[in-house]
Amino acid sequence: MNSATREAYGIALADLGKKNTRVVALDADLAGSTKSATFGKANPYRFFDMGISEADMIGTAAGLATCGKVPFASSFSVFVTGRAFEQIRNSVCNADLNVKIVGSHAGPSCGEDGSSHQAVEDIAIMRSLPRMMVVVPADDVEAYKATIALAEHEGPAYLRVARLASPTIHDEDYEFQLTKGEVLREGTDVTVVACGMMVPRALEAADLLAQEGISVQVVNMHTIKPIDEELLVECAQKTGKIITIEEGSIVGGLGTAVAEVLSEKCPVPVRRIGMNDEFGTSGTGNELLDFYRLNAEHIIEVAHELC
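These remarks concern the structure in this document. (Residues numbered from 1 in each chain as written. Predicted model: local features only at pLDDT ≥ 70, side-chain atom pairs only at ≥ 80, totals over all residues. Heavy atoms only, no water.)

### Focus on the sheet that holds strand 11 (residues 242–249)
We count it as follows: For two strands to pair, DSSP has to find at least two bridges joining them. Put simply, DSSP H or I for four residues or longer makes a helix, DSSP E for two residues or longer makes a strand, and each gets a number counted from the N terminus. Each axis is a line fitted through C-alpha atoms, and for a helix only the stretch in contact is used; angles between axes span 0 to 180 degrees, taken between their N-to-C directions. The contact definition used throughout considers only heavy atoms, calling two residues in contact when any of these lie within 4.5 Å.
Within the open sheet, the five strands sit side by side as 7-9-8-11-12. Their pairing is mixed. At either margin of the open sheet sits one strand with a lone partner, and together these are strand 7 (182–185) and strand 12 (270–275). Across the sheet, the axes of successive neighbouring strands diverge by a mean angle of 25°, strand direction being ignored. Sheet analysis places strand 11 next to strand 12, joined by five bridges and oriented parallel. Following the sheet pairing, I245 is matched in strand 12 by I273. Contacting strand 8 (190–194), strand 11 and strand 12, helix 11 (residues 254–265) runs over the sheet at an angle of about 145° to strand 11.

### A closer look at the side chain of E246
Definition in use: The buried label applies to any residue whose accessible area, calculated with a 1.4 Å probe on protein chains only, is under 20% of its type's maximum; exposed applies above 50%, and partly exposed to all values in between. Counted as positive: Lys and Arg. Counted as negative: Asp and Glu. His and the chain ends are not counted at all. Should a side-chain nitrogen of Lys or Arg be within 4 Å of a carboxyl oxygen of Asp or Glu, the pair is scored as a salt bridge. In the analysis that follows, any N or O atom pair within 3.5 Å is treated as a polar contact, provided that within protein one partner can donate a hydrogen and the other can accept it, and provided that, for residues neighboring in sequence, both atoms belong to side chains.
Mapped onto the elements of the fold, E246 is located in strand 11. Although E246 is buried, it makes no salt bridge; R272 carries the closest opposite charge, 6.7 Å away. Within polar-contact distance, the side chain of E246 engages the backbone nitrogen of L254 at 2.6 Å.

### A word on the pairing of strand 6 (residues 157–160)
To be explicit about the condition: Handedness is read with the strands pointing away from the viewer; a crossover is right-handed when the path from the first strand over the helix to the second is clockwise.
Side chains A157 and L159 of strand 6 all project onto a buried face; the interleaved residues Y158 and R160 project onto the opposite face, where all are buried too. Here strand 5 (residues 133–135) pairs with strand 6 via three bridges, running parallel. Note on strand 6: the bridge partner recorded for M133 is A157. This β-α-β element, strand 5 to helix 8 (residues 140–152) to strand 6, shows right-handed connectivity.

### Quick word on helix 11
Note the following rule: In this analysis, the expected span of each helix is defined as 1.5 Å times one less than the number of residues it contains.
Taking 1.5 Å of rise per residue, twelve residues should cover 16 Å, and helix 11 covers 17 Å from first to last C-alpha, within 8% of that figure. Every buried residue of helix 11 is listed here: L254, G255, T256, A257, V258, V261 and L262. Considering only its buried residues, helix 11 is in contact with helix 7 (122–127), strand 8, strand 10 (223–225), helix 10 (229–239), strand 11 and strand 12.

### Comments concerning helix 9 (residues 198–210)
Helical periodicity: at 3.6 residues per turn, an α-helix aligns residues three or four positions apart in one direction. Relative to the 18 Å expected for 13 residues at 1.5 Å per residue, helix 9 spans 18 Å between its end C-alpha atoms, a close match to the ideal helical length. Those residues of helix 9 that sit buried are M198, V199, P200, R201, A202, L203, A205, A206 and L209. Each element contacted by the buried residues of helix 9 is listed here: strand 7, strand 8, strand 9 (216–220), strand 11, helix 12 (285–291) and helix 13 (296–306).

### Looking at the sheet that holds strand 6
Spatially, the seven strands line up as an open sheet ordered 2-1-3-4-6-5-10, and their pairing is mixed. Looking at which strands have only one partner, the edges of the open sheet turn out to be strand 2 (47–49) and strand 10. Taken over all neighbouring pairs, the strand axes of this sheet differ in orientation by 20° on average, direction set aside. In the sheet, strand 1 (residues 23–27) pairs with strand 3 (residues 70–76) via five bridges, with the strands oriented parallel. Among the inter-strand pairings, D27 is bridged to a residue of strand 3, identified as S74.

### What about the nonpolar core?
Going by this rule: Note on terminology: a nonpolar core comprises buried Ala, Val, Leu, Ile, Met, Phe, Trp, Tyr and Cys residues joined through side-chain atoms within 4.5 Å.
In terms of nonpolar packing, the biggest core is built from 44 residues, with I58, I88, M132 and L262 touching the most fellow members. Those elements that place two or more of their residues in this core are strand 1, helix 4 (54–66), helix 6 (85–93), helix 7, helix 10 and helix 11. Take this core: its biggest share by element is six residues, from helix 4. Among residues more than four places away in sequence, those in contact with I88 are I58, V80, T81, C93, I101, M126, L129 and M132. Among the nonpolar cores identified, the runner-up in size contains 31 residues, and L164, L203, L209 and I300 belong to it.

### Regarding the pattern of salt bridges
For the structure shown, the criterion picks out eleven salt bridges. Salt-bridge contacts for K35 lead to E7; the nearest nitrogen and oxygen are separated by 3.7 Å. Remark: E7 occurs in helix 1 (residues 5–19) and K35 occurs in the loop between helix 2 (31–34) and helix 3 (37–42); sequence separation between them is 28 residues. R293 serves as the salt-bridge partner of E301, at 2.3 Å between the closest nitrogen and oxygen. The partly exposed category is assigned to E301, whose relative accessible area is 36%. Here R293 falls in the partly exposed class, since its relative accessible area comes to 35%.

### Section: empty space enclosed by the protein
Rules: Here a cavity means grid points, on a 1 Å grid over the protein atoms only, where a 1.4 Å probe fits yet cannot get out; a pocket means an open set of points with protein on both sides within 12 Å along at least five of seven lines; lining residues are those with an atom within 4 Å of a point. Grid points are joined across faces, edges and corners, and a volume is the space filled by probe spheres set on the points. Gly is put with the polar residues, along with every residue not named as nonpolar or charged; the nonpolar set is Ala, Val, Leu, Ile, Met, Phe, Trp, Tyr, Cys and Pro, and the charged set is Asp, Glu, Lys and Arg.
If you walk through the whole model with that rule in mind, you get one cavity of 30 Å³ or more. Taken as a whole, the largest cavity encloses approximately 90 Å³ of empty space. Residue lining of the largest cavity: T5, A106, V136, P137, R160, V161, A162, C195, G196, M197 and E247, and that is the complete set. Grouping the amino acids of the lining of the largest cavity by side-chain chemistry returns seven nonpolar, two polar and two charged.

### What to know about unusual backbone geometry
In this structure, P226 follows K225 across a cis peptide bond, with omega equal to -10°. The topology assignment puts P226 in the loop between strand 10 and helix 10. Positive phi outside glycine occurs at D29, with the angle close to 70°. Of note, D29 is situated in the loop between strand 1 and helix 2.

Here's what the structure looks like:
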């Protein structure tokens, strides 16, 4: 389908509303952009536009969760994880409430809105919170299935979706499993662990490297917390070299999560590709992904250095 993961989130949320009357949706005056408006049109009495008030939105979502509702609270990633951090920490995670937080427009692919809107630290922020699950789907099919799965998961969760459309890599019959990484391609020389929009780029790099005789294993690590430690160890033992790539900061993100596991359980060389402790800038989404070298070409360079 090649559509944005935020689009698939909106469709899934609306479908959930038809089947589960416990599901409610909240937004912080960005429902048209986050696509929670799709739910609002279908379920106007279970949709709450809280205005430009993320902290209030999270507090309200927590209250709804105490009443047995399953709230999905959406806004741009930079605002919902930043402005509302204290409420997420104390009202949601500390209280272990069943609130689903959805951040859209994350990373430099957010594009022309610039650094003020391009969350690069949101994964690190959410990973730091006890009890919080962190999910970053690779395409529209996975985003739809992840939304459905999170509605069934009991506990706090953060779903990161993108503004920019990206290639669809999954069939409709794909069986999504929370907390379980997905091996998209087997390989023997090096493993590339990717999440979100970087997964198609990892597959592209694997195709090009195969032409050079370098066998690349590609893993879609959609659940970053809790991360699939068993799979990571298997990959490290099999290929002996790991590359991670993410559309966010390497400080505290996917690369850090992978390095933490392997440094303790199976030490091998790990190279992290992502935003190198820097903020974004303005440009189109695809221009910025190339500007920050979040692409197949950079994966290939790093693979050459390791192999």
